[in-house]
Amino acid sequence: MCYNFLMKKTTILLLLAIFSFNAASHEAQKQTEPLMPEGLTQKWLNCESALEKDNSEEFQKNFEDFTLEVKKSKPSDTVTYYFPEAKTIYESILLGIRDGDNQKISQNVQNWEILQKNISRFQLQQLFYSYRILIAVIIILFLLALALFILYRFSSYSKKENKAFTRQMIQTQEAERERISNELHDTVCQDLRELQFRLEDEKTVELCKKISNDVRNTCYALTPSDLNEGIFEALISLCSMNQKDSNIKIILSIQEDIKSNPRFLVFSKEKSLNIYRIVQEILANAIKHAQAEAISVLIRSFDTENFRIIISDDGKGFDLKTALKKKKHFGLKNIYTRAENMNATVTIKSEEGDGTQVTVTIPYK
């Protein structure tokens, strides 16, 4: 869970970095655009050249071009924000044009040229600053991607280790169950059978039979012998035995095309046992905790690659989130663990007072 939390955090940071990268790229692009037109100074130089030649016709033509250029060169809000004097210089040029004061125009055009150089220097500084941001964002993106990759590999490796350890633990547990079952069957059951023949009191004989039957049921619960005949035969016996012991109606329905599906015949013993234990655990929870009056077990095909076991009861239901948080609720955790070991998924729908439905989707392979 810790790894998932860190991966989510890293992903969020990565998205923020990408957003910052786009913003910085846009800012850098904006800084490369001209902040002020540069043609105004040249237009006035043409006017001064005509004056020096004392060519009034040429001056008039150049002055008209200069006037048009001035109108187009009004400083933008961005320029006046960083350089408030731009507005003053521009307005002084307009006044010089209105008053026909060439000296004022010339002086302010010079100021305009100085301002243009200052703006270009400022623009270059901003451009360098923006690209430094871009470089920093690229480095951050790279480091975040590297951290995410390392975290993913570490998390994946840990999950594989945990899955292998869990599988080994389950296999060891099942082996120990089989050993205990065989020990009970070969010793206690045999001793009780021999004791029955030696006893004469009818009540004592009946008690021995009951104890022997209970021991056999315990042996079956530990290692279901019906699994040797197939998973369906084992589930039929399981439902029948639970119904007999609990007096709760259990309806088992197996879809016909599943019964004839040859892929069930090649299930490994481990997979069949995992399926059996999951159903066993779900039925035990429904019988012990749900206060159900009826339980249905439906096995049907889902698609060409998977089949489903759907177990529903009409019991009191429960809060799944609360149940999973309880440290002692090993039953539910065991269901999820066994399902994960065979790449199956478990979906539990339950509401307090409205029963429970558990759907296990299991791949054939």
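Residues numbered from 1 in each chain as written. Predicted model: local features only at pLDDT ≥ 70, side-chain atom pairs only at ≥ 80, totals over all residues. Heavy atoms only, no water.

### Side note on the overall build of the chain
Secondary structure assignment for the chain yields 12 helices and 5 strands. Counting over 365 residues, the chain shows a buried share of 36%. Taking all contacts inside the chain whose residues are at least 6 apart in sequence as the whole, residues at least 24 apart take part in 68%. Total accessible area computed for the chain in this model is approximately 23,500 Å², and 55% of it derives from carbon and sulfur atoms. (Helix = DSSP H or I, 4+ residues; strand = E, 2+ residues; numbered from the N terminus. Buried < 20%, exposed > 50% of the residue type's maximum accessible area, 1.4 Å probe, protein only. Contact = heavy atoms within 4.5 Å. Areas by Shrake-Rupley, 256 points an atom, 1.4 Å probe, with all protein chains shown as cover.)

### Here we look at the packing of helix α3 (residues 56-72) against helix α5 (residues 85-99)
Interhelical geometry of α3 versus α5 gives an angle of 150° and a closest axis separation of 11 Å. Here α3 is positioned roughly antiparallel relative to α5, judged by the angle of their axes. Classified by chirality, the crossing of α5 by α3 is left-handed. Counted together, Phe 63, Phe 66, Thr 67, Val 70 and Lys 71 of α3 and Tyr 90, Ile 93, Leu 94 and Ile 97 of α5 form the full contact between these two elements. A per-class count over the contact of α3 with α5 returns 7 nonpolar, 1 polar and 1 charged. (Axes fitted to C-alpha atoms, helices over the stretch in contact; angles between N-to-C directions. Parallel < 35°, antiparallel > 145°, perpendicular 65-115°, else oblique. Left-handed = near helix turned anticlockwise from the far one by under 90°. Nonpolar A, V, L, I, M, F, W, Y, C, P; charged D, E, K, R; others polar.)

### Some words on unusual backbone geometry
Of note in the backbone geometry, Gln 291 takes a positive phi value of approximately 55° without being a glycine. Position of Gln 291 among the secondary structure elements: in the loop between α10 (269-288) and β2 (294-301). Looking at Gln 291, the relative accessible area reads 60%, which means it is exposed. Of note in the backbone geometry, Asn 343 takes a positive phi value of approximately 60° without being a glycine. Counting through the fold element by element, Asn 343 comes out in the loop between α12 (330-341) and β4 (345-350). On the accessibility criterion, Asn 343 (56% relative accessible area) is exposed.

### Observations concerning the confidence of the model for the chain
Per-residue confidence for the chain averages 79 on the pLDDT scale, and 75% of its residues sit at or above 70. Scored below 50 in pLDDT, residues 24-37 makes 30 contacts in the model with residues more than four places away or belonging to other chains. (pLDDT = per-residue confidence, 0-100.)

### Observations concerning the side chain of Asn 62
Summarising the element assignment, Asn 62 is placed in helix α3. Excluding residues that lie within four positions of it along the chain, Asn 62 makes contacts with Asn 46, Cys 47 and Ala 50.

### Considerations on the environment of Ser 246
Mapping Ser 246 onto the fold places it in helix α8 (residues 231-246). For Ser 246, a relative accessible area of 22% puts it in the partly exposed group. Counting along the chain gives 41 residues from Ser 246 to Ile 287, while the straight-line C-alpha distance between them is 7.1 Å. At 2.6 Å, the side chain of Ser 246 and the backbone oxygen of Asn 242 are in polar contact. (Polar contact = N/O pair within 3.5 Å; in protein donor to acceptor, adjacent residues only side chain to side chain.)

### A few points about the pairing of β2
When strand β1 (residues 249-254) meets β2, the two strands line up parallel, connected through 6 bridges. Counted as the bridge partner of Ile 251 is Ser 296 from β2. Looking at chain direction, β2 and strand β3 (residues 306-313) are connected through 7 bridges and run antiparallel. Directly across from Ser 301, in β3, lies its bridge partner Phe 307. Once β2 ends, the chain turns through 4 residues before running back antiparallel as β3. (Pairing = 2+ DSSP bridges.)

### Some details on the environment of Val 346
Within the fold, Val 346 resides in strand β4. Each C-alpha atom, one on Val 346 and one on Val 358, is 7.0 Å from the other, the two residues being 12 residues apart in sequence. The residues contacting Val 346, other than those within four sequence positions of it, are Ile 335, Tyr 336, Ala 339, Val 358, Thr 359 and Val 360.

### Description of the packing of aromatic side chains
Within this structure, the stated rule accounts for 9 aromatic pairs. Considering the side-chain rings of Tyr 81 and Tyr 82, the 5.1 Å spacing of their centres and the 90° angle between planes classify their relative orientation as edge-to-face. Look at Tyr 81 and you get exposed, because its relative accessible area is 65%. The partly exposed category is assigned to Tyr 82, whose relative accessible area is 44%. These aromatic residues form a ring-pair network of at least three members: Trp 44, Phe 59, Phe 63 and Phe 66. Note that Lys 271 overlies the ring of Phe 267, its terminal NZ or CZ placed 4.5 Å from the centroid. Above the plane of the ring of Phe 302 lies Arg 308, whose end atom (NZ or CZ) is 3.7 Å from the centre. (Phe/Tyr/Trp six-rings, centres within 6.5 Å; stacked < 30°, edge-to-face > 60°. Lys NZ or Arg CZ within 6 Å of the ring centre and 35° of its normal.)

### Details of the pattern of salt bridges
A side chain of one charge can pair with a side chain of the opposite charge when the charged atoms of the two come close. Under the defined criterion, the tally for this structure stands at 4 salt bridges. Note that Lys 61 is salt-bridged to Asp 65, the shortest N-O span being 3.8 Å. Pair noted here: Lys 61 and Asp 65 are both in helix α3, with a separation of 4 residues, about one helical turn. The class for Lys 61 is exposed, based on a relative accessible area of 54%. Between Glu 69 and Lys 72 there is a salt bridge, with the nearest N and O atoms lying 3.7 Å from each other. Taken together, the positions of Glu 69 and Lys 72, both in helix α3 and 3 residues apart, correspond to about one turn of that helix. With a relative accessible area of 11%, Glu 69 lands in the buried category. (Salt bridge = Lys/Arg side-chain N within 4 Å of Asp/Glu carboxyl O.)

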